[in-house]
Amino acid sequence: MTADHEAMHAALAEASLAAEAGEVPIGAVVLHDGEIVARGQNRVLRDNDPTAHAEIVAMRSAAHALGNYRLLGCTLYVTLEPCAMCAGAMIHARLDRLVFAAVDPKAGAAGSVLSVLNHPQLNHRMQVEQGILADEAAELLRSFFRRRRSS
């Protein structure tokens, strides 16, 4: 198993914890020097915070752990393509790399709906990769919403 797969499995574990708490199951982890330095999961309902997306939670934690809001040398792994808010925060954090599992055809800002990341007029570029464990991440979301609709 590759390091990318291991990290995405950790993000999926965070997504599962979010689902158990009644949140939309999206999880994220931040790696620095090959080690997980932060974890995040959707917390918008629990925190009454519209900005508490998994990516934001993980980046805040990573910034605290590393003592810098610039997350240079970091890779963010997330189970769903980031929204515009999260993509903007990733640019400000100067992430080196983003790896996401499933695309978000309704709100994705890494190419599905918007192309916020690596926009030619913005001053930061990051490596973006998609599709690692996409089926698992998409199924977690589908089953969560299926259960929600049937209750």
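Higher on the page you've got the structure.
Per chain, residues are indexed from 1 in the order of the written sequence. With pLDDT at 70 or above as the cut-off, local features in this predicted model cover only qualifying residues; side-chain atom pairs require 80 or more to be listed or tallied, and sums for whole chains, interfaces and linings still use all residues. Excluding hydrogens and water, the side-chain figures rest on all heavy atoms present in the structure.

**Student:** What's the story with the packing of helix 3 (residues 54-66) against helix 4 (residues 84-93) in this structure? I'm lost.
**Tutor:** To characterise two packed helices, one gives the angle between the axes of the helices and the distance between these axes. Here the axes come from fitting lines to C-alpha atoms, over the contacting stretch only for helices, and the angles between their N-to-C directions go from 0 to 180 degrees. By definition, any uninterrupted DSSP run of H or I lasting at least four residues is a helix, any uninterrupted run of E lasting at least two residues is a strand, and each is numbered from the N terminus. Here helix 3 crosses helix 4 at 20°, and the two axes come no closer than 9 Å. Accordingly, the angle class assigned to the pair helix 3 and helix 4 is roughly parallel. The interaxial crossing formed by helix 3 with helix 4 has left-handed handedness. Residues Glu55, Ile56 and Met59 of helix 3 pack against Met85, Cys86, Ala89, Met90 and Ala93 of helix 4. Of the residues in the contact of helix 3 with helix 4, the class split is seven nonpolar, no polar and one charged. Here the angle decides the label: under 35 degrees means roughly parallel, over 145 means roughly antiparallel, 65 to 115 means roughly perpendicular, and every other value means oblique. Each crossing is labelled by how the near helix is turned from the far one, with a counterclockwise turn of less than a right angle marking it left-handed and a clockwise turn marking it right-handed. In what follows, residue pairs with any heavy atoms lying within 4.5 Å of each other are defined as contacts. Note on residue categories: nonpolar means Ala, Val, Leu, Ile, Met, Phe, Trp, Tyr, Cys or Pro, charged means Asp, Glu, Lys or Arg, and polar means any other residue, Gly included.

**Student:** Would you mind going over helix 3 with me for this structure?
**Tutor:** Each α-helix turn comprises 3.6 residues. Residues three or four places apart therefore point the same way. Here, expected helix span is obtained from the residue count minus one, scaled by 1.5 Å. An ideal rise of 1.5 Å per residue puts 18 Å on 13 residues; helix 3 measures up with 18 Å between its terminal C-alpha atoms. Considered for burial, the residues of helix 3 that qualify are Ala54, Glu55, Ile56, Val57, Ala58, Met59, Ala62 and Ala63. Buried residues along helix 3 sit in contact with strand 1 (27-32), strand 2 (35-41), strand 3 (74-80) and helix 4. Relative accessibility under 20% of the residue-type maximum defines a buried residue, over 50% an exposed one, and the middle range a partly exposed one, all with a 1.4 Å probe and only protein chains included.

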